[in-house]
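So the chains spell out like this:
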Amino acid sequence: ASSDGLYPNFIQGIANQGGGSYHAASDADALLKALLEIFYEIQAVNSVFAAASLPVSVNARGTYLNQVYMGMFRPDGDGNPRWRGNLKQYKFGLDAVGNLSLVDANGTSAISASTGFISPSAVSFWTSPSTFWTNQLLGTPPTAGDSPDGEVVEKGAAAQGVRTAYATSQTSRGVLTCVGCAANTALGGATTLFNSSNTAITAAALGVASSTDRSTLIDWVRGTDNAGDEQGPTTTPVTTVRPSVHGDVLHSRPAVVNYGGTTGVVVFYGGNDGMLHAINGNQTGTGAGNELWSYIPEEMYGKLNRLRVNTPKVRMPSTPAAIVAAPRDYFVDGPIGVYQKLRADGSVEKVIIYVAMRRGARS
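Let me begin by describing the structure that accompanies this report.

Conventions adopted
- Residues numbered from 1 in each chain as written.
- Predicted model: local features only at pLDDT ≥ 70, side-chain atom pairs only at ≥ 80, totals over all residues.
- Heavy atoms only, no water.
- Buried < 20%, exposed > 50% of the residue type's maximum accessible area, 1.4 Å probe, protein only.
- Helix = DSSP H or I, 4+ residues; strand = E, 2+ residues; numbered from the N terminus.
- Contact = heavy atoms within 4.5 Å.
- Phe/Tyr/Trp six-rings, centres within 6.5 Å; stacked < 30°, edge-to-face > 60°.
- Lys NZ or Arg CZ within 6 Å of the ring centre and 35° of its normal.
- Salt bridge = Lys/Arg side-chain N within 4 Å of Asp/Glu carboxyl O.

### What to know about helix α3 (residues 157–165)
Part 1: For α3, the tally of buried residues reaches seven of nine residues, placing the bulk of the element in the interior.
Part 2: Every buried residue of α3 is accounted for by Ala157, Ala158, Ala159, Gln160, Gly161, Val162 and Arg163.
Part 3: Next to the buried residues of α3 lie β2 (84–94), β6 (265–270), β7 (276–280) and β8 (291–297).

Next up, the structure:
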């Protein structure tokens, strides 16, 4: 009978058997909260919004290299503002009957015929085996490694490159910024590094109360797992990089430049981790898929702490403010324009990128 104490267990069992979830509600507020949790769970799928990008080869005008870049994201299943993301690379190939298709690093189809999204068995370029996800098994079926990365946004690719390069220390990561800089300021010196030694980055600008909070937040943004709310690996030497080190790439379409020579392809794209990213976009070779640098505009400073504390939850349309308090923040979220000046021989003399913030901006 529905009046006895075993009825919720019965319904819970039905939900478990069907691969769903069970939410109890005994009044209107609890029902609203349960519905919101369901909507968050439905929304929390590995996704791509922005169009994929291909690099134009400056050495053969009008042709494209066989490299396809996809910015990816997954909303948080609990409605929290910190989402995970990645940049993945695939290429085009022919299937068994000669049809053009997207293929992975192994030359096999990257797309699942049943879902139309990335196949669970796909391995994107730059992805290598690991045991990083030992304490947070992911994928279909759930595994502890990055390869195959399949449909799981945060596995493999550029995100794995950052986690691997700065696994036990994030101090050498090239995160740049510019506080009140004049035009044509060269970046890379001590005053343009996003780290706790740069006194131009104040606690007030970051929206935190103390110098300790300032240093903690700066380190977290650079990749240090100091919020205590993520499940990184327990390895020796101790891994200190956070699993969410690469934020979501929601609207920013990657801009791809082939510089030729020893530099080759560089991919520029924005993320809702506050950063403009520059990645070695070469398909293979030394450093392929590694982050060259990232850049945080000073206009983004005040939004960064919300990502670390991971609250308040994201407000959905028509959601009462009493349930969740704030709409989602956006950062370097817009399109990137590219100007290239070429020499007579077709090599690149100068590249200028124009970065738009889209929803991350106010004017």
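### Observations regarding the packing of aromatic side chains
Part 1: Under the counting rule described, the total for this entry stands at five aromatic pairs.
Part 2: Taking the centre distance of 6.1 Å and the plane angle of 35 degrees together, the rings of Tyr69 and Trp126 count as tilted. Of this pair, Tyr69 sits in strand β1 (residues 68–74) while Trp126 sits in the loop between β3 (100–103) and α3; the two residues are 57 residues apart in sequence, bridging distant segments of the chain. The same class applies to Tyr69 and to Trp126, which are both buried.
Part 3: Between the NZ or CZ atom of Lys303 and the centre of the ring of Phe331, over which it lies, the distance is 5.5 Å.
Part 4: Its end group placed over the ring of Tyr330, Arg328 keeps NZ or CZ at 5.9 Å from the ring centre.

### Quick look at the pattern of salt bridges
Should their charged atoms come close, side chains of opposite charge can pair.
Part 1: Tallying each qualifying case throughout the model produces 11 salt bridges.
Part 2: Here Arg74 ties to Glu154 by a salt bridge, and the two come within 2.5 Å at their closest N and O atoms. Within this pair, whereas Arg74 is found in strand β1, its partner Glu154 is found in the loop between β3 and α3, the two being separated by 80 residues in sequence. By the burial criterion, Arg74 is buried, and Glu154 matches it.
Part 3: For Asp149, the salt bridge identified is with Lys88, shortest N-O distance 3.0 Å. With Asp149 in the loop between β3 and α3 and Lys88 in strand β2, this residue pair connects regions lying 61 residues apart in the sequence.

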